Amino acid sequence: LAGQPVDAAAWRQLARSAPDASSAAWVRSLWGEHLERAGQDSQAADQYRQSLALAPDTYTALVNADLWLRLKQPQRAWDVLREHPDTDGVLLRRARALRDLKQPAWRELADTLAARAQASAERGDDTTLHAREQALRALWLQDDPVRAAEWARTNLALQKEPIDWWLAATTRRLAGQRAPFDHLKADALQNGPADQRLTREWRHAPV
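Residues take numbers from 1 onward in each chain, read along the sequence in its written order. Reporting in this predicted model follows two pLDDT cut-offs: at least 70 for local features of residues, and 80 or more for side-chain atom pairs to be given and counted; totals over whole chains, interfaces and linings ignore these cut-offs and use all residues. Derived side-chain values reflect all non-hydrogen atoms in the structure, with water molecules and hydrogen atoms excluded from consideration.

Visitor: Would you explain helix α10 (residues 162-174) in this entry?
Guide: Residues spaced three or four apart along an α-helix face the same direction, because each turn holds 3.6 residues. Going along the chain from the N terminus, every DSSP run of H or I of four or more residues is numbered as a helix, and every run of E of two or more is numbered as a strand. Expected span of a helix, by definition, is 1.5 Å for each gap between consecutive residues, and there is one gap fewer than residues. Compared with the 18 Å implied by 1.5 Å per residue over 13 residues, the 18 Å span of α10 between its first and last C-alpha is a close match. Exposed residues in this analysis have more than 50% of their type's maximum accessible area, buried residues have under 20%, and partly exposed residues fall in between, with area computed by a 1.4 Å probe over protein chains only. Within the sequence span of α10, burial applies to Pro-162, Asp-164, Trp-165, Leu-167, Ala-168, Ala-169, Thr-170, Thr-171 and Arg-172. Close packing links the buried residues of α10 with α2 (21-37), α8 (131-140), α9 (145-158), α11 (178-191) and α12 (196-202). Of the residues trailing α10, Gly-176 is marked for its positive phi of about 70°. By definition in these notes, contact holds between two residues if any of their heavy atoms fall within 4.5 Å.

Okay, structure coming up:
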């Protein structure tokens, strides 16, 4: 996360020394994330593919789908998620992929997610625990970057994975929130991960 390069030979040795297929898959998933943060998207995709071939895992499928969505290859994102459980994270990315593919079925998935959120609120659940998913839903399915930025801000106070920094940055940029964007950039450069996805965001500050 600090951006220190790890030699490919070291990753291969870790994968070879893993005690079972699940552990080897986990190593390759971590390797893929490391490569993606370094801006090596095609190599990252290959590691995700190998990881999922060893042991299908929803977390790895989600990060792989995010890569394909970012690279504007929604069919690949859909294919990666085809056999995974209907979690909110999976449905969000399926809906985004279908929307990018101009398939009207994305609206059905969006309605399902909205109904789930409503039911959660009616039960009195702590909605902040799902702030990441709410931010992505507002951004990807509702075209509401301002609302997405609010949820992303809440989420970043709870979670600080690379996706959480990226989500906060991109929503503030799209919402035109220059001062919050600049504040986030300063914070991320000091405390956040070394990530080329974030570096690209910093080049496109809100007007």
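From this point on, the discussion continues.
Visitor: Would you take a moment to explain the environment of Lys-160 for this structure?
Guide: For Lys-160, the position within the fold is in the loop between α9 and α10. Taking the C-alpha atoms as reference points, Lys-160 and Pro-193, separated by 33 residues in sequence, lie 8.9 Å from one another. Residues adjacent in sequence count toward polar contacts only when both atoms are side-chain atoms; beyond that, a polar contact is any pair of N or O atoms within 3.5 Å, and within protein one must be able to donate a hydrogen and the other to accept it. At 2.7 Å, the side chain of Lys-160 forms a polar contact with the backbone oxygen of Leu-156.

Visitor: Could you clarify how one ought to interpret unusual backbone geometry in this entry?
Guide: The residue Lys-72 is not glycine, and still its phi comes out positive at about 60°. You can see Lys-72 is positioned in the loop between α4 (58-70) and α5 (74-81). What makes Lys-72 exposed here is its relative accessible area of 70%. One non-glycine residue, Asp-143, lies in positive phi territory at about 55°.

Visitor: How should I be thinking about the environment of Val-63 in this particular structure?
Guide: Relative to the assigned elements, Val-63 resides in helix α4. Relative accessible area serves as the criterion here: at 13%, Val-63 is assigned to the buried category. Along the backbone, Val-63 and Trp-78 are 15 residues apart, and their C-alpha atoms lie at a distance of 12 Å. For Val-63, the residues in contact, after removing those within four places along its chain, are Glu-33, Glu-36 and Tyr-48.

Visitor: What is the right way to look at the nonpolar core in this model?
Guide: What tends to happen in soluble globular proteins is that the nonpolar side chains get buried as a cluster. In this description, a nonpolar core means a group of buried Ala, Val, Leu, Ile, Met, Phe, Trp, Tyr and Cys residues linked to one another through side-chain atoms lying within 4.5 Å. If you look at the biggest cluster of nonpolar residues, it comprises 49 residues, and the most contacted ones within it are Leu-141, Leu-184 and Trp-202. Sorting elements by how many residues they give to this core places α4 first, with seven residues. Ignoring sequence-local partners within four residues, the contact set of Leu-141 consists of Leu-92, Ala-95, Arg-96, Arg-99, Trp-106, Ala-110, Leu-113 and Leu-136.

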